[in-house]
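Secondary and tertiary structure notes
The residues making up each chain are set out below.
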Amino acid sequence: MTIKTLLFWVSISALTFSCTSENDHSLVDENASPETKALFHNLKELSPNQTLFGHQHATEYGHGWQGDENRSDVKSVTGSHPAVIGVDIMGFSGVSEEEINKNMESLRKNVIDTYERGGITTVAWHFSNPVSEGRFYWVDSVSLPAVKYIIAGGGEHEKYKEILTTVGAWANSLKAKDGTLIPVIFRPFHEFDGDWFWWGASHCTKEEFTDLWKFTVSYLRDSLDVHNFIYAFSPDNRFNNEEEFLERYPGDEWVDMVGMDNYADLGRDRYDIETAAKKLKIVSDYAEKAGKLAAFTETGLESIPDTTWWTETLLKTMQMHDAKLAYVLVWRNDIHSQTHYYAPFPGHKSVPNFMEFYNHPYTLFEKDLKNIYRLEK
C-alpha cells in the first residue's frame, strides 16, 4: 500500500466519526442523492491532507488525438486518468436540436464512463450568449448584456428556462449501469469578476448576477428535480481579501463549493506563488468557516515550458498555507495546436517532474480513489 493510498483510507475512515445530519444540510440541495452527499463529504474529509488532480476534457481529446476509448494524455504518462475530469455543456444551446442531442449523449457517456472507473466529473459552462451573437465571449460590436434579459422579469426569461430544462434533462439522464444517479460538480458562470464573458462584472450588476445564480440553482433543484449537482462558485483571481472574494457571492444557501481560477500568478503573467497561495488560503478559510468545499478550479501553464512547474510552482502554491482543497484542475490539451496544452503527454520535457507530482502523497489520481461515492458506516 502506497503512502497516498494509506492517507486516503485514513481520511475516508474519519467519516465514521464526522458525518452528521447537520453536515448533510451544508449542501444546497437537502434532497441531494445519497451518492452526491457522499461525494461532498468524502471530498471534505480528504481535503485537509490530499488534493485530487483534474484535467479539462482529459478523456475527450488530447495532444494530437480525439475520441480514443479510455485514453487521456495523463493516463498515457502515468498509467492513471486524472481523478477529476472536466467537461463543458457549451453545446447544449445555440446550435441545432440535432447537435444538442448529439452533444448531450456524448457527454452523458463520458460522465458514466468516468463514474464507472471511480472518477469524478466537473461541469463547466461556456454558455453561448442567449440573446445576441458573440458566443460566450463579450464582443463589443455584437454582444448584449444577457444577464438582465434572462433573469426573472427579463424579456428572454422563458428562453433561459428552456435552456435550463435541457440541462436538467441531461442531469437526470446521468445513470450508471446499476441505475444510480451520478453526481457531478456544476460550475456555471465562472470567472465572473472579469470582463471577457457576457456574465462578467462589467456587463451586469451585482444584484443581477446573484439573481441569475439563485434562479439557476432553484429552477434546476426545485422545478426540474435535479438532485445530483454540487454547485461551485469560482471567480478569477481578482481579489486580495475575503470581502473582495465574496463581492458577488449569492449566499451560503446557494453554494456548495468555493474556488478560484488563477493562471496569471503561476507563470502566465508572472511567477508569484506567494500571492497565489494567499488567495487559495482566503478561499480555503472561507470554505472551512462556511462548511463548504474549496477547490483550485482552474490553473495551468500553457505549453509547460518550466520543466519543474508541477512541484516547484503548483505543488508549493497549494501546500504553502495548508489550504484544504478538494481538487486542482489544469486546462485542456488542444487536438491540433502544437503549443496549447496544460498537461504533459508522452515525450514532453516536464514528464519526469510530473511523475514526481503524481507520486507525491499529497496528490490523488483516479487509480487512488476508492469508494468516493459511498459513506463508510
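Each remark here, short or long, concerns the structure printed above.
The residue numbering used here restarts from 1 in each chain and proceeds along that chain's sequence as written. Local features in this predicted model are restricted to residues of pLDDT 70 or higher, and side-chain atom pairs are both shown and tallied only at a pLDDT of 80 or more, whereas totals for entire chains, interfaces and linings draw on every residue. Hydrogen atoms and water are omitted, and side-chain values are computed over all heavy atoms in the structure.

Turning to the overall build of the protein, a few remarks are in order. Each helix and strand in the protein was counted, giving 13 helices and 11 strands. Projecting the C-alpha coordinates of the protein onto the three principal axes gives extents of approximately 60 × 50 × 45 Å. Every one of the 377 residues in the protein was classed for burial, and the buried ones make up 60%. Contacts: residue pairs with any heavy atoms within 4.5 Å of one another. Counted over contacts in the protein with a minimum sequence separation of 6, partners at least 24 positions apart contribute 77%. Positive residues here are Lys and Arg, negative ones are Asp and Glu, while His and the chain termini are left out of the count. The location of each charge is read from NZ of Lys, CZ of Arg, CG of Asp or CD of Glu. Positive and negative side-chain charges in the protein, numbering 36 and 56 respectively, have mean positions lying 3 Å apart. Helix and strand labels come from DSSP, where a helix needs a run of H or I of at least four residues and a strand needs a run of E of at least two; each type is numbered from the N terminus. In this scheme, a residue with accessible area under 20% of its type's maximum is buried, one over 50% is exposed, and one in between is partly exposed, where area comes from a 1.4 Å probe on protein chains only.

You will see that R135, though not glycine, has its phi angle at about 55°, which is positive. In this fold, R135 is placed in the loop between strand 5 (120–124) and helix 7 (147–150). Overall, R135 belongs to the partly exposed group, its relative accessible area being 47%. Despite not being glycine, I304 shows a phi value in the positive range, around 45°. Following the sequence through the fold, I304 ends up in the loop between strand 9 (293–299) and helix 12 (309–319). With a relative accessible area of 0%, I304 lands in the buried category.

A separate point is the packing of aromatic side chains. Any pair of Phe, Tyr and Trp rings, taking the six-membered ring for Trp, is counted once the centres come within 6.5 Å. Such a pair is stacked with planes under 30 degrees apart, edge-to-face with planes over 60 apart, and tilted for the rest. Taken as a whole and assessed by the stated rule, the structure comprises 43 aromatic pairs. Ring centres of F92 and W170 lie 5.3 Å apart, and the angle between their planes is 70°; on these two criteria the pair is classed as edge-to-face. Within this pair, whereas F92 is found in the loop between strand 4 (84–88) and helix 6 (97–117), its partner W170 is found in helix 8 (residues 157–172), the two being separated by 78 residues in sequence. The exposure class assigned to F92 is buried, which follows from its relative accessible area of 2%. Pairing F189 with F209 gives two aromatic rings, centres 6.5 Å apart and planes at 80°, and the pair type is edge-to-face. Placement of F189 in the loop between strand 6 (184–187) and helix 9 (206–223) and of F209 in helix 9 is noted, with a sequence separation of 20 residues between them. With respect to burial, F189 and F209 carry one shared label: buried.

Cavities and pockets were defined on a 1 Å grid built over protein atoms only: a cavity is a set of grid points that admits a 1.4 Å probe from which the probe cannot escape, a pocket is an open set flanked by protein on both sides within 12 Å along at least five of seven lines, and lining residues are those with an atom within 4 Å of any such point. Grid points are joined across faces, edges and corners, and a volume is the space filled by probe spheres set on the points. Quantified by volume, the largest pocket comes out at close to 1300 Å³. Lining the largest pocket are 47 residues; nearest its centre among them are H57, E60, Y61, D88 and M90. Gly counts as polar in this scheme, as do all residues outside two lists: the nonpolar Ala, Val, Leu, Ile, Met, Phe, Trp, Tyr, Cys and Pro, and the charged Asp, Glu, Lys and Arg. Of the residues assigned to the lining of the largest pocket, the class counts are 14 nonpolar, 17 polar and 16 charged.

So, on to the pattern of salt bridges. Any Lys or Arg side-chain nitrogen found within 4 Å of a carboxyl oxygen on Asp or Glu counts as a salt bridge. This structure, assessed with the given rule, holds 17 salt bridges. For the salt bridge of D222 with R221, the shortest nitrogen-to-oxygen distance reads 2.7 Å. On the accessibility criterion, R221 (14% relative accessible area) is buried. Measuring nitrogen to oxygen at the nearest pair gives 2.8 Å for the salt bridge that ties D265 to R270. Bridged by salt links that share partners, the residues E69, K109 and D113 form one connected network.

Here we come to the pairing of strand 6. A regular strand places its side chains on the two faces of the sheet in alternate fashion. Residues V184 and F186 point to one face of strand 6 and I185 and R187 to the other, with burial holding for every one of them. Whether two strands pair depends on DSSP finding at least two bridges between them. Looking at chain direction, strand 5 and strand 6 are connected through three bridges and run parallel. Counted as the bridge partner of V123 is F186 from strand 6. Examined bridge by bridge, strand 6 and strand 7 (residues 229–233) share three bridges and lie parallel to one another. Of the residues in strand 7, the one forming a bridge with F186 is Y231. On the question of chirality, the crossover connecting strand 6 to the parallel strand 7 by way of helix 9 is right-handed. A crossover counts as right-handed when, viewed with the strands pointing away from the observer, the path leading from the first strand over the helix to the second turns clockwise.

This next bit is on the packing of helix 12 against helix 13 (residues 351–359). Only C-alpha atoms enter the line fits that serve as axes; for helices the fit covers just the stretch in contact. Angles between N-to-C directions range over 0 to 180 degrees. It is the contact of helix 12 with helix 13, at a shortest axis distance of 8 Å, that shows an interaxial angle of 35°. In this structure, helix 12 uses W309, W310, T311, L314, L315 and M318 to contact helix 13, whose residues at the interface are N353, F354, E356 and F357.

Within the secondary structure layout, G347 lies in the loop between strand 10 (327–330) and helix 13. Overall, G347 belongs to the exposed group, its relative accessible area being 79%. C-alpha of G347 to C-alpha of V77: the two residues are 270 residues apart in sequence and 8.7 Å apart in space.

Here the focus is helix 12. Here helix 12 lies mainly inside the structure; eight of its 11 residues are buried. All of the buried residues along helix 12 are W309, W310, T311, T313, L314, L315, T317 and M318. Where helix 12 is buried, its residues touch strand 1 (51–56), helix 11 (273–290), strand 9, strand 10, helix 13 and strand 11 (363–364).

Here we come to helix 4 (residues 34–46). Multiply 1.5 Å by the residue count of a helix minus one, and that product is the helix's expected span. With 13 residues, helix 4 extends 18 Å from end C-alpha to end C-alpha; this agrees with the ideal 18 Å at 1.5 Å per step. Within the sequence span of helix 4, burial applies to T36, K37, A38, L39, F40, H41, N42, L43 and L46.

Most of strand 9 sits out of view: seven of its seven residues are buried. Summarising the sheet, strand 8 (residues 257–261) and strand 9 pair through five bridges and their orientation is parallel. Residue pairing across strands places M260 opposite F296, the latter belonging to strand 9. Following the chain from strand 8 across helix 11 to the adjacent parallel strand 9, one finds a crossover that is right-handed. The pairing of strand 9 with strand 10 spans two bridges and is classified as parallel. Pairing of F296 across the sheet is with V328, part of strand 10. On the question of chirality, the crossover connecting strand 9 to the parallel strand 10 by way of helix 12 is right-handed.

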